[in-house]
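Survey of secondary and tertiary structure
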Amino acid sequence: MTRAAAAAFFVCLALAPLARAQVSGETWEDPTLEAAVRDADLIVLGECAAVGRAGGASYKVLRTFKGPARDGREVAVVGLEMPGAAPGERPVAVGDRAYLLLRGTPTGPVLSVPTPTFGRFPVQSKGQVVASFSDTFVRVGVPAARWERLIVALVSGAPDDALLAEARAALQAKEPDATEAYVALELLALFGQEADRALVEAALDHPAFAEPHRFRVRVAAVQALGHLGGGAAVERLLGLFERDPLEVVQSAAAEALWPALERHFVEDDRGARRACERLAELALDARATPIRFGAANDPRENERRGPLAAALRTLGLLKARAGIPPALRALERESDGAALVAGLLFFQELGDPEQAGAIAWRMREPTAKDHYFNPLLSGALEKLTGQRLGDERGPWVRWCRQRALLPAGPDAPLGGERPGGGGAPR
């Protein structure tokens, strides 16, 4: 790098805040690979030419995969810093090669990775790329040529037949390798066809992946089922939500029902509604506690929704009114914040203002030991109604009663006075 180029590079780093990734405070949520590719303004293979302060580096572009061709030119990349790094510690070194998914003006001098832990995929000495797909906590080695074909396929939206053939072969092996199977299932979750369902279900049933520490392989298989869709996939996902011994798999199954059932509503409206009713019934007894991963000091958001929240969110996204009873039950769980959040998540996704009465009725009285939940409940009511009535139950119940939103008893979908003289709203 010439002296003039170096000076320009450090000027670019001074402008870094203008292109910095959207990271809130000291923690963030990594995107999936599919989302990062979709949202990227520039995707390149680059070689580090200089390293600056504050998590910045200059890369010489070796190949452009998305955006205007910048081959042979340099681009400053910011957002690579890590909280808690030692003084003088640099995230990269001169000569390092990496595939970069960047945001910003694609022709501009400074762009950023989505987060400090996602968007830079280093190339190791043996030509393996340190890759990540839908789970930021899984990093696997993928041959560079294979990784490039995947990036091209994601950019174009067209499946790569060779990639799919490799994925199917990996799952058909008599003794499948866990890493190869995981990558194969991630590929099928992106580009698989309904005919691949048998391979995915075989991976779910394979004894090599039945141990708890192999749960990420099973989660990848569940996600693939959600992508593949079809009545059989929906039934299998419901069965996993009901009976799988691992809550992380239950949660993944509930989330995967969203894409599977969304498509199924077009193909079989009656069957899809029955599936929603079954999911709602199972959600009544589902655990609410989120599932946590990673170390306590990991800056990445390190939890997955608990089975209850995953199920209720899916029902809300599908606008399935069968989710109203389990969501109301979740709001009633005393001192259970995770359940309360799960119930409110459903109503947020459902987006029905007529549910305001049911939510208001379940606000806590001033003497309740979990009265501190009321700001969450009033916040949900404000979003549904546009009203600002404070955090106490009385004003909200009165407002709902004036608008006939409390007609049928507090245990019914719309909330209200208890039948048989159970007490009037206050």
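Residues numbered from 1 in each chain as written. Predicted model: local features only at pLDDT ≥ 70, side-chain atom pairs only at ≥ 80, totals over all residues. Heavy atoms only, no water.

What to know about the sheet that holds strand E6 (residues 120-122)
Inclusion rule: Two strands pair if DSSP finds at least two bridges between them. Each helix is a run of H or I in the DSSP string that is no shorter than four residues. Each strand is a run of E no shorter than two, and both are numbered from the N terminus. Axes, fitted as lines to C-alpha atoms, cover a helix only where it is in contact. Angles between the N-to-C directions of the axes lie from 0 to 180 degrees. The contact definition used throughout considers only heavy atoms, calling two residues in contact when any of these lie within 4.5 Å.
Strands sit in the order E5-E3-E2-E1-E4-E6 across an open sheet of 6 strands; the sheet is mixed. The open sheet has two free edges, formed respectively by strand E5 (110-112) and E6, since each of these has just one partner strand. The sheet shows a mean angle of 40° between the axes of neighbouring strands, taken without regard to direction. The pairing of strand E3 (residues 74-78) with E5 spans 3 bridges and is parallel. Directly across from Ala-76, in E5, lies its bridge partner Val-110. Helix-sheet contacts for helix H3 (residues 144-156) involve strand E1 (42-51), strand E2 (57-66), strand E4 (97-102) and E6, and the interaxial angle to E2 is about 65°.

Thoughts on the side chain of Arg-364
Defined as follows: Counted as a polar contact is a pair of N or O atoms within 3.5 Å, where, for protein atoms, one must be capable of donating a hydrogen and the other of accepting one, and residues adjacent in sequence contribute only when both atoms are in side chains.
Tracing the chain through its elements places Arg-364 in the loop between helix H14 (356-361) and helix H15 (374-385). Among the polar contacts listed, one links the side chain of Arg-364 to the backbone oxygen of Leu-331, at a separation of 2.8 Å. Only 2.8 Å separates the side chain of Arg-364 from the backbone oxygen of Arg-362, close enough to count as a polar contact. When neighbours within four sequence positions are excluded, Arg-364 is seen to be in contact with Leu-331, Glu-332, Arg-333, Glu-334, Leu-340, Asp-370, His-371, Phe-373, Asn-374, Leu-377 and Arg-393.

A closer look at the nonpolar core
Our working rule: Residues belong to one nonpolar core when they are buried, are Ala, Val, Leu, Ile, Met, Phe, Trp, Tyr or Cys, and are joined through side-chain atoms within 4.5 Å. Burial here depends on accessible area, computed with a 1.4 Å probe over protein chains only, as a share of the maximum for the residue type. Under 20% is buried, over 50% is exposed, and the range in between is partly exposed.
Counting residues in hydrophobic clusters, the biggest one holds 118 residues, and the most contacted among them are Leu-33, Phe-133, Trp-147, Leu-150, Val-222, Leu-237 and Leu-308. Counting residues in hydrophobic clusters, the runner-up holds 15 residues, among them Tyr-59, Leu-80, Ala-98 and Leu-111.

Comments concerning helix H13 (residues 337-350)
Put simply, the test is: What a helix is expected to span follows from its residue count: subtract one and scale by 1.5 Å.
Here H13 spans 20 Å end to end across 14 residues, near enough to the 20 Å set by a 1.5 Å rise per residue. Among the 14 residues that make up H13, 10 are buried, leaving the element largely enclosed by the rest of the structure. Phi turns positive one or two residues past the end of H13, at Gly-351, with a value near 65°.

Some points on the packing of helix H10 (residues 269-283) against helix H11 (residues 307-317)
Cut-off, in case you're wondering: Roughly parallel covers angles under 35 degrees, roughly antiparallel covers those over 145, roughly perpendicular covers 65 to 115, and oblique covers all other angles. Helix crossings get a hand from a simple test, with the near helix turned counterclockwise from the far one by less than a right angle marking a left-handed crossing and a clockwise turn marking a right-handed one.
The interhelical angle for the contact between H10 and H11, taken along N-to-C directions, is 150°, at an axis separation of 10 Å. Taken together, H10 and H11 sit at an angle that is classed as roughly antiparallel. Helix-helix and strand crossings are classified by hand; for H10 and H11 the assignment is left-handed. Between H10 and H11, the residues in contact are Cys-276, Leu-279, Ala-280 and Ala-283 and Leu-308, Ala-311, Thr-314 and Leu-315, respectively.

Notes on the pairing of strand E8 (residues 140-143)
The alternating pattern of E8 places Val-140 and Val-142 on a buried face and Gly-141 and Pro-143 on a face that is not buried. Taken together, the 4 bridges between strand E7 (residues 128-131) and E8 define a ladder with antiparallel strand orientation. Residue Gln-128 lies in a different strand from E8, and its bridge partner there is Pro-143.

Considering the pattern of salt bridges
Just so we agree on the cut-off: When a carboxyl oxygen of Asp or Glu lies within 4 Å of a side-chain nitrogen of Lys or Arg, that pair is called a salt bridge.
Summed over the entire model, instances satisfying the criterion amount to 31 salt bridges. Among the ionic pairs, Asp-336 bridges to Arg-333, the shortest N-O distance being 3.8 Å. A relative accessible area of 23% means that Asp-336 is categorised as partly exposed. One salt-bridge network, held together by shared partners, links Arg-146, Arg-149, Asp-160, Glu-166 and Glu-180.

A few points about the packing of aromatic side chains
Selection criterion: Two aromatic rings, drawn from Phe, Tyr or Trp (for Trp, its six-membered ring), form a pair once their centres lie within 6.5 Å of each other, and the interplanar angle then sorts them: stacked below 30 degrees, edge-to-face above 60, tilted otherwise. Over a ring means this: the NZ of a Lys or the CZ of an Arg is within 6 Å of the ring centre and within 35 degrees of the ring normal.
Scanning the model with the defined rule gives 7 aromatic pairs in all. Centre to centre, the rings of Phe-118 and Phe-121 are 5.3 Å apart; their planes meet at 90°, and the pair counts as edge-to-face. Each member of the pair, Phe-118 as well as Phe-121, carries the same accessibility label: buried. Measuring from centroid to centroid gives 5.1 Å for Phe-121 and Trp-147, while their planes differ by 55°, and the two rings are tilted. Residue Phe-121 is found in strand E6, and its partner Trp-147 is found in helix H3; the two are separated by 26 residues along the sequence. Through pairs of rings, three or more aromatic residues link up here, namely Phe-118, Phe-121, Phe-133 and Trp-147. The ring of Trp-361 has Arg-393 lying over it, and the distance from NZ or CZ to the ring centre is 4.7 Å.

Describing the packing of H3 against helix H5 (residues 178-191)
Selection rule: Residues are grouped as follows: Ala, Val, Leu, Ile, Met, Phe, Trp, Tyr, Cys and Pro are nonpolar; Asp, Glu, Lys and Arg are charged; every other residue, Gly included, is polar.
Two elements in contact, H3 and H5, have axes separated by 12 Å at closest approach and are oriented at 15°. Comparing the axis directions of H3 and H5 gives the class roughly parallel. At the point where H3 passes H5, the crossing takes the left-handed sense. Residues Arg-146, Leu-150, Ala-153 and Leu-154 of H3 pack against Glu-180, Val-183, Leu-187, Leu-190 and Phe-191 of H5. Here the contact of H3 with H5 is built from residues that sort into 7 nonpolar, no polar and 2 charged.

A look at the side chain of Asp-196
In this fold, Asp-196 is placed in the loop between H5 and helix H6 (197-205). Aside from chain neighbours lying at most four places away, what touches Asp-196 is Arg-168, Leu-188 and Leu-228.

Quick word on helix H12 (residues 324-332)
Every buried residue of H12 is accounted for by Ile-324, Pro-326, Ala-327, Leu-328, Ala-330 and Leu-331. Those residues of H12 that are buried are in contact with H10, H11, H13, H14 and H15.

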